[in-house]
Amino acid sequence: MKVLQNLVTEKETNFFTSDETLQKILKQMLDKDFYDYAMRELTDFGSLVCGEIDKRAKHTDREGEPRLIRYDKYGEEVSEIWVNEGYRKTVEQTYNTGIVGYVHKEIPQLGRKGNYVYSFAQGYLLSHAEPGFYCPVTLTLATAYLLDHYADEELKAKFLPHVCSTGEVELFEGATFLTERQGGSDVGANMVEARFDGTHYRLYGEKYFASNAGMCGVAMVLARMPGAPKGTKGLTLFAVPWRNEDGSINNLRIRRLKDKLGVRAVPSGEVEFDGSIAYVVGDPKKGIYYMLEALNLSRICNAVASVGIMRRAFLESKYYLSNREAFGQRLINYPMIQDSLSKMAAKLHVEVATTFDLIQLYDLVTNGKGTERDTILNRLNIAIMKKETAEQAVRFAQEAIELHGGNGYIEDFVTPRLLRDAQVLTVWEGTANILALEVIRLFKKYNAHELFIEEINNRLKKVKESNLKQIVMEKLEELAEELETFVALDDALQTFEAKGITQKLAWMYESIVAVEWGSQYGEKYEKLAEIYLEDTWKLRKLGDSMKTVLYFDEVI
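Position labels on residues start from 1 in each chain and follow its written sequence. Local features in a predicted model are, by the rule used here, given only for residues with pLDDT of at least 70; side-chain atom pairs are given and counted only at 80 or more, and totals for whole chains, interfaces and linings are based on all residues. Neither water nor hydrogens contribute to the side-chain values; these are computed over all heavy atoms in the structure.

Asks: Can you lay out the overall build of the protein for me, pointing to particular residues and giving the numbers?
Replies: Helical segments are the DSSP runs of H or I of at least four residues, strand segments are the runs of E of at least two, and each set is numbered from the N terminus. Each helix and strand counted, the protein has 18 helices and 14 strands in total. Using C-alpha atoms as the atom set, the radius of gyration is obtained and then compared with a globule rule of 2.2 Å times the number of residues to the power 0.38. At 24 Å, the protein has a C-alpha radius of gyration in line with the 24 Å of a compact globule built from 556 residues. Dimensions along the principal axes, computed over C-alpha positions, put the protein at roughly 75 × 55 × 45 Å. Exposure classes here rest on a 1.4 Å probe applied to the protein chains alone. A residue is buried below 20% of its type maximum, exposed above 50%, and partly exposed in between. The buried share of the protein, taken over its 556 residues, is 57%. Long-range pairs, those at least 24 residues apart, make up 74% of the contacts in the protein with a sequence separation of at least 6. Computed by Shrake-Rupley with a 1.4 Å probe, the accessible areas treat only the displayed protein chains as cover when residues are assessed. Total accessible area computed for the protein in this model is approximately 23700 Å², and 50% of it derives from carbon and sulfur atoms. Charge assignment in this entry is limited to Lys and Arg as positive and Asp and Glu as negative, and neither His nor the chain termini are counted. Note on charges: their place is set at NZ of Lys, CZ of Arg, CG of Asp or CD of Glu. The distance from the centre of the 69 positive side-chain charges to the centre of the 82 negative ones in the protein is 1 Å. We call two residues in contact when some of their heavy atoms are within 4.5 Å.

See below:
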């Protein structure tokens, strides 16, 4: 075996300029001025992520991970987090792009606010190299959302400019502390207390899995006031600064950092509050409602990180197989290799396009321009796509390791880190079981299954006639029948079948996006849609034409 000369062109060393799907998405979803701005900025950011940020990410993961400094040299408790200088540089460069800030404030060059489509395009590129750091960005996005939407003007003025900083004021990264030891996903079991001392509320208790601990300037924390009812309805949302105005730590401590399998760039710890000053955000009785809204945003971020990992896994596989020679020819010339890469390319394209289709609707709903129907579909789409993208990120990372052979298992290559970082995405912001329960709730409370079928039907009507459209129509009829059966099941059977139904909803959502792109752009995108539908719905029979091989040059 031997490695051939590197075939990666200069253009392809930029994660943005080589991504035709993302560029078409931006063309669809942004007006001309915003699109021109995004093309310039993302070209620069795509190069930065592919170069400097990627190199730093490897160092942070292997040698430079965060460390807890519990005490200073005098024995005083400081609960500080040490991060390496490269990581600090990545923090500065990333937030200064406006990845958080420009969702909530004007972009100077445009004279108006940005949106989530643009922010998530940045997050998608960042996650090619550093999905671990995209966790703190996610938490900061959620913190900014909560402050901007629900805090009073005084509280906004105190924290929001810092959370949205692009370099003009000190940056306060954000955090959302939900998890407690006794509850986990059962947030209603939370016990952290909020007591009023006559001037401030002060928090007492522990959060057991607190990501971005020690790096955040302000954390959004759920706590229970005296006399509040049990369960989720008794939780109030508080903004808790990490430090007091004099620079001293706000009566809290980090007990330890978690030794995680992956995403080692983000410090996740156990945080104890011992009289920490806290500020009520919004209506004290709506804390869980506010945090669930932030959770939906975080679930989209999770999906964005997942598709970023998927594309990096695909690119690494493509480049490696193009350069590697075995048994007298390049690996990429073998039909079974071409089949694997073509299927990865189709799934990746469709999943990215569908994730941003979801994001466009989220922008509409978040800005108050969506209908009640839009809001319900938005929640359903988030649940099904968070599950699907997270599972696919793991699968793509596994596939990349196998396609690299033994090298794929060696830490000198990026593939082991992709797998380690991908695995947490199936857990954070809700496991497959939790997401399936969310789907059941949406079906029971809002008849979301009927809205979903209606929405796909309406979109199908706008697609030109083709064999691909016919396939989706047939699968939609089958799914509609299954959903009618599903909603009539008893509770036990529904929970048993829910993950399978959630999977099929995701496939159907992706299928309509696939045929829309094929209809609109033709050629390459029609072939990607064909490969996607054949693979997803298991349409190919033994001995049928090898479409993944026949179309390889066009789709790869």
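Asks: Account for helix α5 (residues 116–129), naming residues and giving values.
Replies: Along its 14 residues, α5 runs 20 Å from first to last C-alpha, staying within 8% of the 20 Å computed at 1.5 Å per residue. Polar contacts here mean pairs of N or O atoms no more than 3.5 Å apart (in protein, one a potential hydrogen donor and the other a potential acceptor; neighbouring residues in sequence count only if both atoms are side-chain atoms). Its side-chain oxygen placed 3.3 Å from the backbone nitrogen of Val117, Asn115 serves as the N-cap of α5. Expected helix span is computed as 1.5 Å times (number of residues minus one).

Asks: How would you sum up the domain arrangement of the protein? Please name residues and give values.
Replies: The domain limits used here are those given by an automatic or database domain assignment. Segmentation of the protein into domains returns domain 1 (174–284) and domain 2 (447–554). Taken over C-alpha atoms, the centre of domain 1 sits 42 Å from the centre of domain 2.

Asks: Can you lay out the nonpolar core for me, pointing to particular residues and giving the numbers?
Replies: By size, the foremost hydrophobic cluster in this structure holds 183 residues, and its most contacted members are Phe120, Phe356 and Phe452. The element contributing the most residues to this core is helix α8 (residues 287–323), with 17 residues. Each of two domains, domain 1 (174–284) and domain 2 (447–554), supplies a minimum of three residues to this core. Setting aside chain neighbours within four positions, we find Phe120 in contact with Tyr134, Leu141, Leu297, Ile300, Cys301, Val304, Phe356 and Ile359. Buried residues of nine kinds, namely Ala, Val, Leu, Ile, Met, Phe, Trp, Tyr and Cys, make up a nonpolar core once their side-chain atoms join them within 4.5 Å.

Asks: Help me get a handle on the confidence of the model for the protein, residues and values and all.
Replies: Put simply, the protein has an average pLDDT of 95, and 97% of its residues get 70 or more. Values of pLDDT, the confidence the predictor places in each residue, fall between 0 and 100. Across residues 1–11, where pLDDT falls below 50, the model places 22 contacts with residues more than four positions away in sequence or in other chains.

Asks: How would you summarise the pairing of strand β3 (residues 77–82) if you had to cite specific residues and measurements?
Replies: Strand pairing is defined by DSSP finding a minimum of two bridges between the two strands. Taken together, the four bridges between strand β2 (residues 67–71) and β3 define a ladder with antiparallel strand orientation. Bridge pairing links Leu68 to Ile81 in β3. Linking β2 to β3, which pair antiparallel, is a turn of five residues; within it Gly75 sits at a positive phi near 85°.

Asks: Talk me through the environment of Glu170; I want residue IDs and the actual numbers.
Replies: By secondary structure assignment, the location of Glu170 is in the loop between α7 (153–163) and β6 (173–177). Considered as a pair, Glu170 and Asp19 are 151 residues apart in the sequence and their alpha carbons are 34 Å apart. Apart from residues no more than four positions distant in its own chain, Glu170 is found in contact with His162 and Ser165.

Asks: Report on the side chain of Asn212, specifying residues and quantitative values.
Replies: Within the element layout of this structure, Asn212 appears in the loop between β8 (201–211) and β9 (216–224). Classification of Asn212 by relative accessible area gives buried; the value is 0%. Non-local contacts of Asn212, meaning those with residues more than four positions away in its chain, are made with Pro136, Leu139, Glu173, Gly174, Ala175, Val266 and Pro267.

Asks: So what about the pattern of salt bridges? Which residues, and what values?
Replies: The salt bridge definition used is simple: a Lys or Arg side-chain nitrogen within 4 Å of an Asp or Glu carboxyl oxygen. One pass over the structure, following the stated rule, counts 52 salt bridges. Of the charged contacts, one joins Glu272 and Arg253 as a salt bridge, the two residues approaching to 3.1 Å between their closest N and O atoms. Pair noted here: Glu272 is in strand β12 (residues 268–280) and Arg253 is in strand β11 (residues 252–257), with a separation of 19 residues, a long-range link. Note that Arg256 is salt-bridged to Glu270, the shortest N-O span being 2.6 Å. Of this pair, Arg256 sits in strand β11 while Glu270 sits in strand β12, placing them 14 residues apart in sequence.

Asks: Please set out the packing of aromatic side chains residue by residue, giving values where relevant.
Replies: Centres within 6.5 Å are what make two rings of Phe, Tyr or Trp a pair, Trp counting through its six-membered ring; a difference in plane orientation under 30 degrees is then read as stacked, over 60 as edge-to-face, and the rest as tilted. One pass over the structure, following the stated rule, counts 21 aromatic pairs. Summarising the aromatic geometry, the rings of Tyr124 and Phe356 are spaced 6.3 Å apart at their centres and angled 75° between planes, so their arrangement reads as edge-to-face. Here Tyr124 is found in helix α5, whereas its partner Phe356 is found in helix α9 (residues 335–366), with 232 residues between them in sequence. This pair shows no difference in class: Tyr124 is buried, exactly as Phe356 is. Here, a charge over a ring means that NZ of Lys or CZ of Arg falls within 6 Å of the ring centre while also lying within 35 degrees of the ring normal. We note Arg67 situated over the ring of Trp82; from NZ or CZ to the ring centre the distance is 4.1 Å. Sitting over the face of the ring of Tyr204, Arg195 holds its NZ or CZ atom 4.0 Å from the ring centroid.

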